[in-house]
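This is what each chain is made of:
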Amino acid sequence: MTSAQVDTSEKSSGTSEASEEGYERGLGSRQVQMIAIGGAIGVGLFLGAGANIAKAGPSLILMYALAGAIVFFIMRALGELLLYRPVSGSFAEYSREFLGPFFGYFTGWTYWLMWVVTGMAELTAAAIYVNYWFPQVPQWVTALVFLVILFGVNLISVKVFGELEFWFSMVKVTALIGMIVIGLGVLTFGFSAAGDTASVANLYQFDGFFPKGVGSSLMTLQGVMFAYLAVELVGVTAGESENPEKTLPKAINTLPWRIALFYVGALTVILCVVKWTEFAPGVSPFVAAFAKIGIPAGAGIVNFVVLTAALSSCNSGMYSTGRMLRNLADSGEAPAVFRKLSASRTPAFGITVSVLFMGIGVILNYVVPEKAFGYVTSVATAAGIWTWLMILISHVLYRRAVDAGRLPASAFPAPGGAKCSWIAIAFLLFVTCLIAYDADSRVCLYVMAGWAAALGVGWLVLKNRNPEVAERREPAPLEKAN
């Protein structure tokens, strides 16, 4: 795409596209950047890593690095599509364009499901963290309070959402960097209660780098992939970003160092400071590490940080579900009432319905508080894998169209072209096989099969009521929009 095309694209996406969608372009560059950073730091790292360390030991570091490389391939594929045609609800739109209306419908509703169940997981995690200070307060009460507060924030305006998410992400980033610095200080100078045993040798001294075997390490990949859910959220912000042509590539290109620092770096330092055998499922490894170091109030501070991580992700979930429902309604694939915007130009009705479904997480915390997190994370991972697969397949088909001269080239081409997308597709299918092999997580595939059947029935009903829904519509080239 030439610079002239980029300029035209910017005008069309920043004016006509915004007015057509009705959204307020209220997300500035700093907010989009921090949303992207915050999307890569969630409860999967802060809480889920505890169970995965117990399963894989120090080799979990390698699993995060491997999965992180695949996630970068996914995000560069998405980035190329976003600069070809930046729209809100991007994954469903690209699936609709390159694979057909049914896939857009299926992807949009599945992404909505992913965020609803992720919201349940984050509410559960937040309740667990509050339990650290107030063990007498039932988990379901805490989950309900947070659900109501974040619901109110998302109804006000996208600017308020963006500002809250900015500060949530700022807390997470600052704290993780602080943890790494303190951990390196313990390793280098030997201060604190952990100083005598802190050593790089902790990575291999206790039954080796793969203490439970390579197979057990690979089985953690499903939990690792859950930790990376939400990195694609920058795609949903495209319709409300002030300048997506500049902010989105920058947000995506910084992903590798974010993964290297916040995942690989942080876990490496933590596992050097505290030997892996001292971590347990259900306990944040960061909280456990700071308790071991013995810094006054350190564990409490870290617990506050991981609480903000959970609330940040739930906040993002409410944001994205409302936008995805509106995108589906625009295409006739959801009730028309979801198209309505409030006075503050937020899809209030879609957010409200999504929050009601997230409320199921509150019920789970009441009925099975000890199992709620595991149940919902496995379903969220399966839904996320579908979304990522649709991004990758859409990218492969887009590149074919560009090579054939049917579509203009993107201003942000993915390195390696479609080859990296094929590698990522194979990896995601491998992770799906691991989920099917694991008896504990296999249930999510049954849930997804039921979900697919329900969506299939819904599609048949939609086609009978409105045959135009199933007709493939070619989008107008973005540079010709007026």
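None of these values were measured; they are calculated from a predicted model.

Criteria and cut-off values
- Residues numbered from 1 in each chain as written.
- Predicted model: local features only at pLDDT ≥ 70, side-chain atom pairs only at ≥ 80, totals over all residues.
- Heavy atoms only, no water.
- Helix = DSSP H or I, 4+ residues; strand = E, 2+ residues; numbered from the N terminus.
- Buried < 20%, exposed > 50% of the residue type's maximum accessible area, 1.4 Å probe, protein only.
- Phe/Tyr/Trp six-rings, centres within 6.5 Å; stacked < 30°, edge-to-face > 60°.
- Lys NZ or Arg CZ within 6 Å of the ring centre and 35° of its normal.
- Axes fitted to C-alpha atoms, helices over the stretch in contact; angles between N-to-C directions.
- Parallel < 35°, antiparallel > 145°, perpendicular 65-115°, else oblique.
- Left-handed = near helix turned anticlockwise from the far one by under 90°.
- Contact = heavy atoms within 4.5 Å.
- Nonpolar A, V, L, I, M, F, W, Y, C, P; charged D, E, K, R; others polar.
- Polar contact = N/O pair within 3.5 Å; in protein donor to acceptor, adjacent residues only side chain to side chain.
- Salt bridge = Lys/Arg side-chain N within 4 Å of Asp/Glu carboxyl O.
- Patch = residues over 30% accessible without salt bridge, like charges linked within 9 Å, V, L, I, M, F, W, Y side chains within 5 Å.
- Areas by Shrake-Rupley, 256 points an atom, 1.4 Å probe, with all protein chains shown as cover.
- Expected span 1.5 Å × (residues − 1).
- pLDDT = per-residue confidence, 0-100.

Enquirer: Quick rundown of the overall build of the chain? Include the residues and the values.
Expert: Helix and strand content of the chain: 20 helices and zero strands. Counting every position in the chain, which comprises 482 residues, the buried fraction comes to 59%.

Enquirer: Help me get a handle on helix H13 (residues 244-253), residues and values and all.
Expert: Within H13, seven of the 10 residues are buried, which leaves the element mostly enclosed by the surrounding structure. Buried residues of H13: Pro244, Glu245, Thr247, Leu248, Pro249, Ala251 and Ile252, and no others.

Enquirer: If you had to explain the packing of aromatic side chains to someone new, which residues and values would you point to?
Expert: Overall, the coordinates contain 21 aromatic pairs when judged by the stated rule. Geometrically, the ring pair formed by Phe102 and Phe103 is edge-to-face, given 5.8 Å between the ring centres and 80° between the ring planes. Between the aromatic rings of Phe102 and Phe106, the centroid separation amounts to 5.8 Å while the plane-to-plane angle is 50°, which identifies the pairing as tilted. Of this pair, Phe102 and Phe106 both sit in helix H7 (residues 101-133), four residues apart, which is roughly one turn of that helix. Looking at Phe106, the relative accessible area reads 8%, which means it is buried. The rings of Phe102, Phe103, Tyr105, Phe106, Trp386 and Trp459 are connected pair by pair, giving a single aromatic cluster. Seen from the ring of Phe412, Arg76 lies directly overhead, with NZ or CZ sitting 4.0 Å from the centre.

Enquirer: A description of the packing of H7 against helix H8 (residues 139-156) should follow, citing residues and the corresponding values.
Expert: Between H7 and H8, the least distance of the axes is 8 Å, while the angle of their chain directions is 120°. One way to sum up the angle between H7 and H8 is to call them oblique. Relative to H8, H7 is oriented so that their crossing is right-handed. Here H7 contributes Leu123, Thr124, Ala126, Ala127, Ile128 and Val130 to the contact with H8, which in turn contributes Gln139, Thr142, Ala143, Phe146 and Leu147. In terms of residue class, the contact of H7 with H8 is made up of eight nonpolar, three polar and no charged.

Enquirer: Any chance you could break down the environment of Tyr228 for me, citing the residues and the numbers?
Expert: With respect to the helices and strands, the residue Tyr228 is situated in helix H11 (residues 221-228). With a relative accessible area of 0%, Tyr228 lands in the buried category. With 153 residues separating them along the chain, Tyr228 and Thr381 place their C-alpha atoms 9.4 Å apart. For Tyr228, the side chain forms a polar contact with the main-chain oxygen of Tyr64, separated by 2.8 Å.

Enquirer: How would you explain the pattern of salt bridges if you had to name every residue and give the values?
Expert: In a structure, side chains of opposite charge can pair up when their charged atoms sit close to one another. Summed over the entire model, instances satisfying the criterion amount to seven salt bridges. Measuring nitrogen to oxygen at the nearest pair gives 2.9 Å for the salt bridge that ties Arg85 to Glu97. Of this pair, Arg85 sits in the loop between helix H5 (60-84) and helix H6 (90-98) while Glu97 sits in helix H6, and the two are 12 residues apart along the sequence. The buried category is assigned to Arg85, whose relative accessible area is 8%. The partner of Asp330 in a salt bridge is Arg339, with the nearest N and O atoms 2.3 Å apart. Members of the salt-bridge network, linked through shared partners, are Arg85, Glu93, Arg96, Glu97 and Glu333.

Enquirer: If you had to explain a nonpolar patch on the surface to someone new, which residues and values would you point to?
Expert: Residues Leu62, Val200, Tyr204, Phe209, Phe210 and Val214 make up a contiguous nonpolar surface patch of about 540 Å² in total accessible area. Turning to its location among the elements, Phe210 is positioned in the loop between helix H9 (158-189) and helix H10 (214-218). The class for Phe210 is partly exposed, based on a relative accessible area of 31%.

Enquirer: How would you sum up the side chain of Asn202? Please name residues and give values.
Expert: Take Asn202: it is sitting in the loop between H9 and H10. Those residues in contact with Asn202 that lie beyond four places of it in its chain are Pro58, Thr197, Leu271, Cys272, Val273, Val274, Lys275 and Trp276.

Enquirer: Help me get a handle on the packing of H5 against H11, residues and values and all.
Expert: At a minimum axis separation of 10 Å, H5 and H11 run at an interaxial angle of 55°. Taken as axis vectors, H5 and H11 run oblique relative to one another. As H5 packs across H11, the resulting crossing turns out to be right-handed. Mapping the contact onto sequence places Leu60, Met63, Tyr64, Ala67, Gly68 and Val71 in H5 and Leu221, Val224, Met225, Ala227 and Tyr228 in H11. Here the residues of the contact of H5 with H11 sort into 10 nonpolar, one polar and no charged.

Enquirer: Can you lay out H9 for me, pointing to particular residues and giving the numbers?
Expert: Under the 1.5 Å per step criterion, the end-to-end length of H9 is 46 Å for 32 residues, consistent within 8% with the ideal 46 Å. Looking one or two residues past H9, Gly190 carries a phi angle of roughly 70°, positive in sign.

Enquirer: Describe in detail the confidence of the model for the chain, supporting the description with residues and values.
Expert: Mean pLDDT over the chain stands at 81; residues scoring 70 or higher make up 85%. Confidence scores differ between elements of the chain, with helix H1 (residues 3-21) showing the lowest mean pLDDT of 39 and helix H19 (residues 418-437) the highest of 94. When the criterion is pLDDT under 50, residues 1-20 qualifies, and its contacts beyond four places in sequence or with other chains add up to 32 contacts. Confidence over residues 476-482 falls short of pLDDT 50; this stretch has 12 contacts with residues more than four positions distant or in other chains.

Enquirer: Mind laying out the environment of Leu187, listing which residues take part and the relevant values?
Expert: Relative to the helices and strands, Leu187 is located in helix H9. Residue Leu187 is classed as partly exposed on the basis of its relative accessible area of 25%. If sequence neighbours within four positions are ignored, Leu187 has contacts with Ala198, Ser199, Val200, Cys272 and Val273.

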